[in-house]
Amino acid sequence: MRDEQPHLATTWAARGWIEEEGIGSATLGRLVRAWPRRAAVVNKADILDEWADYDTVVPDYPLEIVPFAEHPLFLAAEPHQRRRVLTGMWIGYNERVIATEQLIAEPAFDLVMHGVFPGSDDPLIRKSVQQSIVDESFHTYMHMLAIDRTRELRKISERPPQPELVTYRRLRGVLAEMPEKWERDIAVLVWGAVAETCINALLALLARDGTIQPMHSLITTLHLRDETAHGSIVIEVVRELYARMNAEQQRALVRCLPLALEAFAEQDLSALLLELNAAGIRGAEEIVGDLRSTAGGKRLVRDFSGARKMVEQLGLDGAVDFDFPERPDWSPVRTDS
C-alpha cells in the first residue's frame, strides 16, 4: 500500500462520510436527507464506463492481505499462477459480497419493512431502511459487473463451484435450532445488523489500496461510502427496536450477537483452496493446512469497531461474549468523540 496515501479515517471525516460517535433521530434524519447526494445508485449509475482504464499488468487483488502470500509453496509458483490466484480471490470477494447482501443484509431489512418488530413502523426508520435496500441492490449490480468484466478481460471462461457463504451456513445452523419464528426473526435481524457494521472492514482494505486495478478500488470505495452511512442507520434502528422488545426477545438478541460476530470473523479455507487449485498451485492442500493450524489464518474480519459501537449503544457492554480485537488504524469507523 502506498505510504503517501492520506489516512482513510481523515479523508472520510473531511468528506462527511464517517459514522458519528452519538447517533439518534437527528442523525438518522440527516442521513436520510443526504441520501440523494451520497448514494452510489444516484451518482454512479454509469459505473460501467469506468472500465476503460483497466491495465492487465496491474493485479486484481492486494497481495498484502492474502493470508498465504508469504508461504514458500505459493512463492515457488509461476508468476502467472500467482496472478491467477489474485484474480480468483477478487472474483470470489465479489461473489461473497453479493451473497452477503442477498442472504444476510436484505432479509434483515425486509423484516423491518414488513413491520415484524415493534417500532419498525416509524416513518424515519422505514425511509432509512428502504433507502438502504435500494443501495444494497445497486451494490449487487456493481459487484456483478466487476465479476463479469474481470472474467472477460482476464479470459476466465469457467469458475470452480463455490461453497455456500460460510456466514450464511452458520446462520442456517442457528435457525435450525430455533423452533419459534420470533426467535428466528431475531437471529436474522442480528446477522443483518452485524453484516452492516462489519462489512466496512472487508471493503476498506481494498478501497485504500493503491496497488490494484483502479476500478476495483473505485467499486469498493463507492460501496464503503454507502455502508458508512448504513452503519449509523443500523445502529440507530436496532437500538430503537431493542428498546421495544420484551425481555425474552432481548435475551435472544444478546445470545445471537456473539454467534453472528464469530460467523463474520471466520475465513472460509475451502474457498481459498479452490482458488489455489484453480490456478494449479502445487501443494495447495499443504498451504491451506498450514493456515488452519494458525489462529490468524482462520480469521477473515479484523476490525469490529462498528459492531462494538452497536453493542455499546445497546448498553450491552460486558453482556456479549465476544473478544473484540483492538481497532486497527485503518478502520473506517471513528470511535473518538
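Residues numbered from 1 in each chain as written. Predicted model: local features only at pLDDT ≥ 70, side-chain atom pairs only at ≥ 80, totals over all residues. Heavy atoms only, no water.

## Quick look at the overall build of the protein
Of the regular secondary structure elements, the protein holds 13 helices and zero strands. Ordering the α and β elements of the protein from the N terminus gives α-α-α-α-α-α-α-α-α-α-α-α-α. Across the 337 residues in the protein, those meeting the buried criterion constitute 53%. Summarising the internal contacts of the protein: among those between residues at least 6 apart in sequence, 80% fall at separations of at least 24. (Helix = DSSP H or I, 4+ residues; strand = E, 2+ residues; numbered from the N terminus. Buried < 20%, exposed > 50% of the residue type's maximum accessible area, 1.4 Å probe, protein only. Contact = heavy atoms within 4.5 Å.)

## Describing the packing of helix 5 (residues 79-113) against helix 8 (residues 181-207)
At their nearest, the axes of helix 5 and helix 8 sit 8 Å apart, and the two run at 145 degrees to each other. Crossing of helix 5 against helix 8: the hand is left-handed. Residue-level contacts link Trp-90, Tyr-93, Thr-100, Glu-101, Ile-104, Ala-105, Pro-107, Ala-108, Phe-109, Leu-111 and Val-112 of helix 5 to Asp-185, Val-188, Leu-189, Trp-191, Gly-192, Ala-195, Glu-196, Leu-202, Leu-203 and Leu-206 of helix 8. Split by residue class, the contact of helix 5 with helix 8 holds 16 nonpolar, two polar and three charged. (Axes fitted to C-alpha atoms, helices over the stretch in contact; angles between N-to-C directions. Left-handed = near helix turned anticlockwise from the far one by under 90°. Nonpolar A, V, L, I, M, F, W, Y, C, P; charged D, E, K, R; others polar.)

## A short note on the packing of helix 8 against helix 9 (residues 214-244)
Interhelical geometry of helix 8 versus helix 9 gives an angle of 150 degrees and a closest axis separation of 8 Å. With respect to helix 9, the axis of helix 8 lies roughly antiparallel. Of the two possible hands of crossing, helix 8 and helix 9 adopt the one that is left-handed. (Parallel < 35°, antiparallel > 145°, perpendicular 65-115°, else oblique.)

## A few points about helix 7 (residues 166-176)
Note that an α-helix has 3.6 residues per turn; residues three or four places apart therefore point the same way. Of the positions making up helix 7, those classed as buried are Val-166, Thr-167, Leu-171 and Val-174. Along the axis of helix 7, the buried positions cluster into a sector of 145 degrees, meaning they face one direction only. Buried residues along helix 7 sit against helix 5, helix 8 and helix 10 (247-265). (Arc of directions from axis to C-beta.)

## Overview of the side chain of His-223
Here His-223 lies in helix 9. The class for His-223 is buried, based on a relative accessible area of 0%. Those residues in contact with His-223, other than ones at most four positions away along the chain, are Val-97, Glu-101, Glu-136, His-139, Met-142, His-143, Ile-199 and Leu-203.

## Remarks on helix 11 (residues 269-278)
Listed as buried for helix 11 are Leu-269, Ala-271, Leu-272, Leu-273, Glu-275 and Leu-276. Looking at the buried positions of helix 11, the neighbouring elements they touch are helix 4 (72-75), helix 5 and helix 12 (284-292). A positive phi of about 75 degrees marks Gly-280, the residue just after helix 11.

## So, the environment of Ile-233
Residue position: Ile-233 is located in helix 9. For Ile-233, a relative accessible area of 2% corresponds to the buried category. Sequence separation between Ile-233 and Ile-125 is 108 residues; the distance between their C-alpha atoms is 8.3 Å. In this structure, Ile-233 is in contact with Leu-28, Leu-31, Ser-128 and Ser-132, ignoring residues within four places of it in sequence.

## Quick word on the confidence of the model for the protein
Taken residue by residue, the protein gives an average pLDDT of 87. The fraction at 70 or more is 88%. Considering each helix and strand of the protein separately, the mean pLDDT is smallest for helix 1 (residues 8-15), with a value of 37, and largest for helix 4, with 98. Low pLDDT, under 50, characterises residues 1-23; the predicted model gives this stretch 54 contacts beyond four residues in sequence or across chains. (pLDDT = per-residue confidence, 0-100.)

## Side note on the nonpolar core
By size, the foremost hydrophobic cluster in this structure holds 55 residues, and its most contacted members are Val-194, Leu-253, Leu-257, Leu-261 and Leu-316. Of all the elements in the fold, those that place two or more residues in this core are helix 2 (25-38), helix 5, helix 6 (123-154), helix 7, helix 8, helix 9, helix 10 and helix 13 (305-313). Filtering out sequence-adjacent residues up to four positions away, Val-194 remains in contact with Leu-257, Ala-260, Leu-261, Phe-264 and Met-310. Counting residues in each nonpolar core, the second largest holds 39 residues, with Ile-212, Leu-224, Leu-269 and Val-288 among its members. (Core = buried A, V, L, I, M, F, W, Y, C linked by side-chain atoms within 4.5 Å.)

## Side note on empty space enclosed by the protein
Gaps between atoms show up when a probe of the same size as a water molecule is rolled over them. Summed over all chains, the structure comprises four cavities of 30 Å³ or more. One number sums up the size of the largest cavity: a volume of about 90 Å³. Lining the largest cavity, in full, are Ala-105, Ala-108, Phe-109, Val-112, Val-129, Leu-189, Gly-192, Ala-193, Glu-196, Val-234, Val-237 and Val-238. When residues of the lining of the largest cavity are traced back to their parent elements, those giving at least two are helix 5, helix 8 and helix 9. Residues that form the lining of the largest cavity fall into these classes: ten nonpolar, one polar and one charged. (1 Å grid on protein atoms, 1.4 Å probe; cavity = no way out; pocket = protein on both sides within 12 Å on 5 of 7 lines; lining within 4 Å. Points joined across faces, edges and corners; volume = space filled by probe spheres on them.)

## Some remarks on the environment of Leu-145
Positionally, Leu-145 belongs in helix 6. Classification of Leu-145 by relative accessible area gives buried; the value is 13%. Counting along the chain gives 51 residues from Leu-145 to Asn-94, while the straight-line C-alpha distance between them is 9.5 Å.

## Some details on the pattern of salt bridges
Note on pairing: side chains with opposite charge can pair once their charged atoms come close. All told, the structure shown has 13 salt bridges when counted by the stated rule. A salt bridge links Asp-185 to Lys-181, with the nearest nitrogen and oxygen atoms 2.8 Å apart. Residue Asp-185 and its partner Lys-181 are located together in helix 8, separated by four residues, close to a single helical turn. (Salt bridge = Lys/Arg side-chain N within 4 Å of Asp/Glu carboxyl O.)

## Remarks on unusual backbone geometry
You will see that Lys-155, though not glycine, has its phi angle at about 55 degrees, which is positive. Mapped onto the elements, Lys-155 comes out in the loop between helix 6 and helix 7. By relative accessible area, which is 73% here, Lys-155 ends up exposed.

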